[in-house]
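# Coordinate analysis (summary)
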Amino acid sequence: MGHAQLEGKGAVVTGAGGGIGKALATRLVQEGARVVVNDLNGEMVEATAAEIGAYAVPGDCSSADGVAHLIDSATEHLDSLGVSLDIFCANAGIDRTQPDSLQASDDDWALMLDVNVMAHVRAARLLAPRWVERAAAGEEGGRFVVTASAAGLLTMIGAAPYSVTKHAAVGFAEWLSMTYGDRGVAVQAICPQGVQTAMLEQAGPLKDLLSHDEALEPAQVADAWVSSLDGGHFLVLPHPEVAGYYAARAADTDRWLGGMRRLQSKVDLYVESLESPETQS
């Protein structure tokens, strides 16, 4: 028997070519859901679909046309199986962090805003009204799940565009929950710290910082999400200690920022040591 809130449901997972997206899709299949997987990398997402028994719709989920194609294709496929589109895991995300992220180009900012924020907005525009209509008719609504990041609650050292867009992702999810949570749309935001994904491996000097409280496997993040369903939680924190950090940040923001500045100084010294001639020789 699968989880009562997942078994027999129709689900879409974006960014499912690997990492957290693939883990979420895998767990959904294991729980008895019918799953459609999406990723910009067609080869990877086709491999995911073949491996776990899902249906692949490759493409760009961040553009208005791309997300409309994904939702239309997923709805048609799920309808053919006798289920509706009940769950949308807006998991796709990117990070274009560079050593001096204040100097990130406008193009990088625009791309990260598109994928990390507007993809969620564009999907919700299409899905929320149909779920509200279903709920008003006495049927079950739907669930919108945003994979954000602890960076969306705490801010990440050295990563301006990533932190800002993940804050926006959490903010949009909060607004969606406030506005539609009593009208048939359950909303959640998954906010892990370090996870053993390609994104973590590409984090350079920040990898150790992100892994401070143990870098989890993607499957552990999926487990944390499924476990959260019984409690109806909005925030899903695979690293439980993030709740304490978040509370401390809110309780005394000046003290929190002072600590983060000290941490930034340590990161700067570490980066300088990597760049020094003695280190390179």
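The coordinates are above.
Our subject in this report is the structure included herewith. (Residues numbered from 1 in each chain as written. Predicted model: local features only at pLDDT ≥ 70, side-chain atom pairs only at ≥ 80, totals over all residues. Heavy atoms only, no water.)

### Re the packing of aromatic side chains
Tallied over the full model, the rule gives three aromatic pairs. Ring geometry for Phe172 versus Trp175: centroids 6.1 Å apart, planes at 20 degrees, classification stacked. On the criterion of helical spacing, the pair formed by Phe172 and Trp175 is a turn pair, its members being three residues apart in helix H6 (residues 160-180). For Phe172, a relative accessible area of 14% gives the class buried. On the accessibility criterion, Trp175 (43% relative accessible area) is partly exposed. When the ring of Trp175 is compared with that of Tyr180, the centres are 6.1 Å apart and the planes differ by 75 degrees; the resulting orientation is edge-to-face. Following the ring pairs from residue to residue traces out a cluster consisting of Phe172, Trp175 and Tyr180. (Phe/Tyr/Trp six-rings, centres within 6.5 Å; stacked < 30°, edge-to-face > 60°. Helix = DSSP H or I, 4+ residues; strand = E, 2+ residues; numbered from the N terminus. Buried < 20%, exposed > 50% of the residue type's maximum accessible area, 1.4 Å probe, protein only.)

### Re the pairing of strand S4 (residues 85-90)
Burial analysis of S4 places six of its six residues in the buried class, which makes it a mostly covered element. With helix H4 (residues 106-136) bridging S4 and its parallel neighbour strand S5 (residues 142-147), the resulting β-α-β unit is right-handed. (Right-handed = clockwise from strand over helix to strand, strands pointing away.)

### Here we look at the layout of surface pockets
When its volume is computed, the second largest pocket comes out at roughly 180 Å³. Leu154, Thr155, Met156, Ile157, Gly158, Arg249, Thr253, Trp256, Leu257, Met260, Arg261 and Gln264 are the residues that line the second largest pocket. By residue number, the principal contributor to the lining of the second largest pocket is helix H11 (residues 253-275), which donates six residues. Residues belonging to the lining of the second largest pocket are distributed by class as follows: six nonpolar, four polar and two charged. (1 Å grid on protein atoms, 1.4 Å probe; cavity = no way out; pocket = protein on both sides within 12 Å on 5 of 7 lines; lining within 4 Å. Points joined across faces, edges and corners; volume = space filled by probe spheres on them. Nonpolar A, V, L, I, M, F, W, Y, C, P; charged D, E, K, R; others polar.)

### As for a positive patch on the surface
A cluster of basic residues, Arg255, Arg261, Arg262 and Lys266, forms a positive patch on the protein surface. Within the secondary structure layout, Arg261 lies in helix H11. (Patch = residues over 30% accessible without salt bridge, like charges linked within 9 Å, V, L, I, M, F, W, Y side chains within 5 Å. Areas by Shrake-Rupley, 256 points an atom, 1.4 Å probe, with all protein chains shown as cover. Salt bridge = Lys/Arg side-chain N within 4 Å of Asp/Glu carboxyl O. Lys, Arg positive; Asp, Glu negative; His and termini not counted. Charge placed at Lys NZ, Arg CZ, Asp CG, Glu CD.)

### Comments concerning the packing of helix H1 (residues 19-30) against helix H9 (residues 218-228)
Relative orientation of the contacting elements H1 and H9 amounts to 50 degrees, with a least axis distance of 8 Å. Considered as vectors, H1 and H9 are oriented oblique to each other. Taken as a pair, H1 and H9 cross one another with a handedness that is right-handed. Together, Gly19, Ile20, Ala23, Leu24, Arg27 and Leu28 of H1 and Pro218, Ala219, Val221, Ala222, Asp223, Trp225 and Val226 of H9 make up the contact between the two elements. Of the residues assigned to the contact of H1 with H9, the class counts are ten nonpolar, one polar and two charged. (Axes fitted to C-alpha atoms, helices over the stretch in contact; angles between N-to-C directions. Parallel < 35°, antiparallel > 145°, perpendicular 65-115°, else oblique. Left-handed = near helix turned anticlockwise from the far one by under 90°. Contact = heavy atoms within 4.5 Å.)

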